[in-house]
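Close look at the chain arrangement
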Amino acid sequence: MPITVNLDVMMAIRKMAAGELAARVGITPANLSILKNNKAKAIRFSTLEALCRELDCQPGDILAYIPDGAGHE
Amino acid sequence: MPTHSPWDYRQSATLSLVVTWIALVMGVACVPLLVPILRLIEVPGTVFDHDFVTDAVGPLYACLVFGLAALVILLRLLADIRRGQVFVPATVRRLRLISYCGFAIMAACAVGAVVAAPRPVFIFLGLVAGFLGLLMRVIKNVIDAARSLKEDADFTI
């Protein structure tokens with residue numbers, strides 16, 4: 001999937017554990033893991049809003065677009 | 001005023017399970033009884049003579065085997081539905097296999113129509129089995145689409 005989720009980076013910067021972030025955002029740790037491991041197929045704006053609020057960042061800080069095959073250059 | 005159905009899907013699946021078990025037991029009972037039953041309908045001098053019985057046994061047994069296989073697969077499918085596992089890859093796989101059983105019965109009837117008279121009996125049975133196989137295939141396509149939608153929903157965070 002060309003859209004990657006870089007939650008780990010922001011979580012490390014804010015020194016926030018996965019369980020704490022999941023509780024603050026209102027999703028289960030399992031769903032947060034699905035997001036972090038790029039297995040999610042879609043994300044709700046409400047979830048994205050909550051993540052940006054809790055991590056004090058912009059959507060572009062946690063979402064990146066990498067075209068297929070770009071990583072092989 | 002909304003009406004509340006007394007049946008939920010688990011109860012309905014249980015009823016389907018019971019009926020399928022009954023059909024399976026009857027089908028298994030037919031395995032040793034098929035030839036005696038055919039002998040009962042044997043009437044010398046008519047199309048249902050000894051030659052028909054002899055020629056029809058093979059294709060009919062083939063139909064029985066594929067029919068029993070379809071019933072066994074149906075039992076597994078209904079058990080999963082009762083557990084709430086409906087739109088999962090296993091359901092799609094089982095529906096595909098059941099449709100193949102229908103087509104296999106159609107093929108067995110085609111053989112029967114060639115080797116045994118009266119042909120209309122086997123042609124009719126083959127068409128019915130083929131239609132049911134096609135129906136199961138379409139249902140499989142629908143369930144596969146639902147599975148895909150469910151997967152999208154499950155992985156929407």
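Residues numbered from 1 in each chain as written. Chains lettered and ligands numbered in written order. Predicted model: local features only at pLDDT ≥ 70, side-chain atom pairs only at ≥ 80, totals over all residues.

With that settled, the discussion passes to the overall build of chain B. Assigned secondary structure in chain B consists of four helices and zero strands. Its helices and strands taken in sequence order, chain B reads α-α-α-α from the N to the C terminus. Taking 2.2 N^0.38 as the reference for a compact globule, 157 residues should give roughly 15 Å; the C-alpha atoms of chain B span a radius of gyration of 20 Å, well beyond that estimate. Projected onto the principal axes, the alpha-carbon positions of chain B cover approximately 70 × 30 × 30 Å. When the 157 residues of chain B are sorted by exposure, 20% land in the buried category. Long-range pairs, those at least 24 residues apart, make up 74% of the contacts in chain B with a sequence separation of at least 6. (Helix = DSSP H or I, 4+ residues; strand = E, 2+ residues; numbered from the N terminus. Rg over C-alpha atoms; globule rule 2.2 N^0.38 Å. Buried ≥ 20, exposed ≤ 12 C-beta atoms within 10 Å, placed from the backbone. Contact = placed C-beta atoms within 7 Å.)

Counting residues in hydrophobic clusters, the biggest one holds 22 residues, and the most contacted among them are B:Cys63, B:Phe66, B:Ile98, B:Ile105 and B:Cys109. For this core, the elements supplying multiple residues, two or more each, are α2 (50-82), α3 (89-115) and α4 (119-154) of chain B. In this structure B:Ile98 touches B:Ala70, B:Ile73, B:Leu74 and B:Met136, once residues within four positions along its chain are discounted. Membership of the second largest hydrophobic core comes to 13 residues, among which are A:Met11, A:Val25, A:Leu35 and A:Ala40. (Core = buried A, V, L, I, M, F, W, Y, C linked by C-beta atoms within 7 Å.)

Before going further, it helps to spend a moment on the interface of chain A and chain B. The interface of chain A with chain B comprises 11 residues on the first partner and four residues on the second. Here the side of chain A that touches chain B is built from residues that sort into six nonpolar, two polar and three charged. (Nonpolar A, V, L, I, M, F, W, Y, C, P; charged D, E, K, R; others polar.)

Right, let's get into the confidence of the model for chain A. In the predicted model, chain A carries a mean pLDDT of 91, and the fraction of residues at 70 or more is 93%. The lowest-confidence element of chain A is strand β1 (residues 3-5) of chain A, averaging 92 in pLDDT; the highest-confidence one is helix α4 (residues 45-55) of chain A, averaging 96. (pLDDT = per-residue confidence, 0-100.)

Time to look at the confidence of the model for chain B. Looking at chain B, pLDDT values average 91 and 96% of them are 70 or higher. Here the predicted complex scores 0.80 on pTM and 0.83 on ipTM.

All names here are of chain A. One can find valine 9 in helix α1 (residues 7-14). A tally of 14 C-beta atoms within 10 Å means that valine 9 is categorised as partly exposed. Between the alpha carbons of valine 9 and isoleucine 62 there is a distance of 7.9 Å; along the sequence they are 53 residues apart.

Residues and elements named next belong to chain A. Phi at lysine 15 is positive, roughly 55°, even though this residue is not glycine. Locating lysine 15 in the fold gives a position in the loop between α1 and α2 (18-25). For lysine 15, a count of 7 C-beta atoms within 10 Å translates into the label exposed. Despite not being glycine, asparagine 38 has its phi angle at roughly 60°, a positive value.

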